[in-house]
Amino acid sequence: ALDATNAVRLAYVRTGNADVDRIAEAGLRGLGMRLYERTTIEPAEPMGVNLETDELAFFPFLYWPVTAEQPQPSDAAYARLNRYLRTGGMILFDTRDGDLAGSGQTPEARRLQVLAASLDIPPLELLPEDHVLTRTFYLLQDFPGRYTARDIWVEAAPPDAEQAEGMPFRNLNDGVTPVVIGGNDWAGAWAVDERGVPLFPVGRGYAGERQREIANRFGINLIMYVLTGNYKSDQVHVPALLERLGQ
């Protein structure tokens, strides 16, 4: 508890697969380095959590790499997870199968369906073009990791969300989506060793390094979104504020 609260720490769910857990830790280490370099967020070393024994409330964000062999959490663990989601935590589920995305039939995708069945997850939709995640820190249109699948799922916007006159974005709900679901292997793209050297290739040549850069920017947007909420949505109130100031 002391280690988890003496600094901002990004955390990942331990899967029981040593290789997957090692990549998840290296990925969050790399993302933490980028946050330290480019923002005012200065994360400490990432931590792995055991869903059966560890308190989750200390962590604003959990990266959950899904494996086909991952054991089913206990009822107590699900209760802890649902409390975490209800009280402001976010989980990024990554099936790491983005090269096969769209079928929903990979072993990891099927396992995610089983794992998520007992979670209190709200209705989801594909990430819309005007979602706050597209502009929390960087302006983004794509959200690649080591893969470039575009199917990223977030909490669905309210059915009555409308676009204010003269503004490019709808006034979406003020809460932060409790889950983001995709399969682009983001940790693999973020992962670095202790010296900050990337652990895995992404794409080829310059295009690959550009993809890695966009993956890092998505990670930064994600953490800024987790920590600041939908503050960027306040732009939709600008016309009303300017009118009031004019009066």
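Computed from a predicted model, the values in this text were never measured in an experiment. (Residues numbered from 1 in each chain as written. Predicted model: local features only at pLDDT ≥ 70, side-chain atom pairs only at ≥ 80, totals over all residues. Heavy atoms only, no water.)

1. A short note on helix 6 (residues 205–228)
To be explicit about the condition: For helices the rule is a DSSP run of H or I covering at least 4 residues; for strands it is a run of E covering at least 2, with both sets numbered from the N terminus onward. An expected span of 1.5 Å times one less than the residue number is assigned to each helix.
Compared with the 34 Å implied by 1.5 Å per residue over 24 residues, the 35 Å span of helix 6 between its first and last C-alpha is a close match. Once helix 6 finishes, Gly229 follows within two positions and takes phi at roughly 75°, a positive value.

2. Focus on the nonpolar core
Note on soluble globular proteins: their nonpolar side chains tend to be buried together. What counts here: Nonpolar cores were defined as sets of buried Ala, Val, Leu, Ile, Met, Phe, Trp, Tyr and Cys residues, with membership established by side-chain atoms within 4.5 Å. Relative accessibility decides the category of a residue: with a 1.4 Å probe and only protein chains considered, values under 20% of the type maximum give buried, values over 50% give exposed, and everything between is partly exposed.
Core analysis: the biggest nonpolar cluster contains 34 residues, and Phe61, Tyr63, Leu92, Val180, Trp190 and Leu222 have the highest contact counts within it. Breaking this core down by element, the ones donating at least two residues are helix 2 (18–38), strand 3 (61–65), strand 4 (90–94), helix 5 (186–190) and helix 6. Per-element tally for this core: the top contributor is helix 6, with nine residues. Ranked by size, the runner-up nonpolar core spans 23 residues in total, among them Val66, Ala77, Leu85 and Leu112.

3. Thoughts on unusual backbone geometry
Excluding glycine, a negative phi dihedral is what most residues carry, and trans is how most peptide bonds are arranged. A positive phi angle is found at Arg96, which is not glycine, with a value near 60°. The backbone of Asp185 sits at a positive phi, close to 55°, despite the residue not being glycine. Along the chain, Asp185 falls in the loop between strand 7 (179–182) and helix 5. Asp185 sits in the buried class, given a relative accessible area of 10%.

4. Digging into the pairing of strand 7
The test is simple: Pairing between two strands is assigned when DSSP locates at least 2 bridges connecting them.
What you see with strand 7 is no split at all: Val179 and Ile181 on one side and Val180 and Gly182 on the other are buried throughout. Pairing of strand 4 with strand 7, which is carried by four bridges, proceeds in the parallel orientation. Across the sheet, Asp94 pairs through a bridge with Gly182, a residue of strand 7.

5. As for helix 3 (residues 75–86)
Keep this limit in mind: Contacts: residue pairs with any heavy atoms within 4.5 Å of one another.
Taking 1.5 Å of rise per residue, 12 residues should cover 16 Å, and helix 3 covers 16 Å from first to last C-alpha, within 8% of that figure. Turning to helix 3, its buried residues are Ala77, Tyr78, Arg80, Leu81, Asn82, Tyr84 and Leu85. Elements that come into contact with the buried residues of helix 3 comprise strand 3, strand 4, helix 4 (107–116) and strand 7. After helix 3 finishes, the residue Gly88 shows a positive phi value of roughly 105°.

6. A short note on the side chain of Asn82
Threshold: Here a polar contact means two N or O atoms within 3.5 Å. Within protein one must be a hydrogen donor candidate and the other an acceptor candidate, and residues neighboring in sequence count only if both atoms are side-chain atoms.
Inspection of the secondary structure puts Asn82 in helix 3. Within the structure, Asn82 has its side chain in polar contact with the backbone nitrogen of Asp120 (distance 2.7 Å). If we ignore the near neighbours within four places in the chain, the residues touching Asn82 are Ser118, Leu119 and Asp120.

7. Description of the packing of aromatic side chains
The condition that has to hold: In this analysis, rings of Phe, Tyr and Trp, with Trp reduced to its six-membered ring, are considered paired at centre separations within 6.5 Å, and the interplanar angle assigns stacked below 30 degrees, edge-to-face beyond 60, and tilted for intermediate values.
Evaluation of the coordinates by the stated rule reveals six aromatic pairs. A centroid spacing of 6.5 Å and a plane angle of 80° characterise the contact between Phe58 and Phe59, whose relative ring orientation is edge-to-face. Exposure remark for Phe59: the relative accessible area of 4% places this residue in the buried category. Residues Phe143 and Phe218 carry aromatic rings whose centres are separated by 5.5 Å and whose planes lie at 70° to one another, so their mutual orientation is edge-to-face. Taken as a pair, Phe143 in the loop between strand 5 (124–126) and strand 6 (153–155) and Phe218 in helix 6 lie far apart in primary sequence, 75 residues in all.

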